Amino acid sequence: MKLILDFFPILLFFGAFKLFDIYTATAVLMAGTVVQMTIIWLRERQLLPMQKATLVLILLFGSLTLVLHDDRFIKWKPTVLYGAMAVALAVALWVFKKNFLKMLLGTQLDLPAHIWGRLNVAWVAYCIFMAALNGYVAAYFSTEAWVNFKLWGYVFPIVFLVAQGLYISPYLKSDEPAA
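Residues numbered from 1 in each chain as written. Predicted model: local features only at pLDDT ≥ 70, side-chain atom pairs only at ≥ 80, totals over all residues. Heavy atoms only, no water.

*Asks:* Which residues make up the nonpolar core, and what values go with them?
*Replies:* In terms of nonpolar packing, the biggest core is built from 21 residues, with Tyr82, Leu101, Leu111, Leu119, Trp123, Tyr126 and Cys127 touching the most fellow members. Looking at this core, the elements that each hand over two or more residues are helix H3 (49-68), helix H4 (72-94), helix H6 (113-140) and helix H8 (155-168). Here Tyr82 is in contact with Tyr126, Cys127, Met130 and Ala131, once residues within four sequence places are set aside. With 18 residues, the next largest nonpolar core counts Ala16, Ala138, Phe149 and Leu151 among its residues. (Core = buried A, V, L, I, M, F, W, Y, C linked by side-chain atoms within 4.5 Å. Buried < 20%, exposed > 50% of the residue type's maximum accessible area, 1.4 Å probe, protein only. Helix = DSSP H or I, 4+ residues; strand = E, 2+ residues; numbered from the N terminus. Contact = heavy atoms within 4.5 Å.)

Below, the structure is given as structure tokens:
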């Protein structure tokens, strides 16, 4: 169910773009994201900071796209989001000596401090990569190519998350007693 909920807005966006145009797709994305976040809030009684930032940026850049009738705003939203995440993670780690990943996930994952540090750096690098990649596609390719990239580009976060899982798996403790 969570996987369907995670992909719900982007699938609606892609379908609306293929059936109509970027402006209809943008309005559908905005509505779909509001529905998605409402469902998450009703189930968990909270939205994570990343979810709040995503909602705000989609509504802001989507509104600019619709009001100004300029698709560049919605196309650059992912670059802004990934860039902001990279900056926030990097500043927190290297300026304030805080690891946001550990703060967010530390109650769910028991990992050594050096692994949390490496994960944080990996997330900074990943966010910079995704910001640059989206920026490149948004700047140099057609809107249709960008929309296709948004759908098929989900391979990048999946590969990144699987690689992270493989990396941290030796450090995870089993809840089962040894036989």
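*Asks:* If you had to explain the packing of aromatic side chains to someone new, which residues and values would you point to?
*Replies:* Taken as a whole, this structure holds ten aromatic pairs when the rule is applied. Both rings, one in Tyr82 and one in Tyr126, keep their centres 6.0 Å apart while their planes meet at 90°; by these two values the pair is edge-to-face. Taken as a pair, Tyr82 in helix H4 and Tyr126 in helix H6 lie far apart in primary sequence, 44 residues in all. For Tyr82, a relative accessible area of 17% gives the class buried. Ring geometry for Tyr136 against Phe141: centres 5.9 Å apart, planes inclined by 65°, an arrangement best described as edge-to-face. (Phe/Tyr/Trp six-rings, centres within 6.5 Å; stacked < 30°, edge-to-face > 60°.)

*Asks:* Break down the packing of H4 against H6 for me, citing the residues and quoting the values.
*Replies:* Viewed as axis vectors pointing N to C, H4 and H6 meet at an angle of 155°, and their least axial separation amounts to 8 Å. One element, H4, and the other, H6, form an angle in the roughly antiparallel class. Considering only the axes of H4 and H6, their crossing is left-handed. Of the residues contributing to the contact of H4 with H6, the split by class is 19 nonpolar, six polar and one charged. (Axes fitted to C-alpha atoms, helices over the stretch in contact; angles between N-to-C directions. Parallel < 35°, antiparallel > 145°, perpendicular 65-115°, else oblique. Left-handed = near helix turned anticlockwise from the far one by under 90°. Nonpolar A, V, L, I, M, F, W, Y, C, P; charged D, E, K, R; others polar.)

*Asks:* Could you give an account of a nonpolar patch on the surface, naming the residues involved and the relevant values?
*Replies:* On the surface, a nonpolar cluster with roughly 580 Å² of combined accessible area is contributed by Val87, Val91, Trp94, Val95, Phe96 and Val121. With three residues, the single largest contributor to the nonpolar patch is H4. Assignment of secondary structure puts Phe96 in the loop between H4 and helix H5 (100-105). (Patch = residues over 30% accessible without salt bridge, like charges linked within 9 Å, V, L, I, M, F, W, Y side chains within 5 Å. Areas by Shrake-Rupley, 256 points an atom, 1.4 Å probe, with all protein chains shown as cover. Salt bridge = Lys/Arg side-chain N within 4 Å of Asp/Glu carboxyl O.)

*Asks:* I'd like a rundown of the side chain of Asn99, residues and numbers included.
*Replies:* Here Asn99 lies in the loop between H4 and H5. Residue classification places Asn99 among the buried positions, given a relative accessible area of 12%. Side-chain polar atoms of Asn99 contact the backbone nitrogen of Leu101, separated by 3.0 Å. Not counting residues within four places of it along the chain, the set of residues in contact with Asn99 comprises Leu93, Trp116, Gly117 and Asn120. (Polar contact = N/O pair within 3.5 Å; in protein donor to acceptor, adjacent residues only side chain to side chain.)

Purely spatial values, then, with no claim about function.
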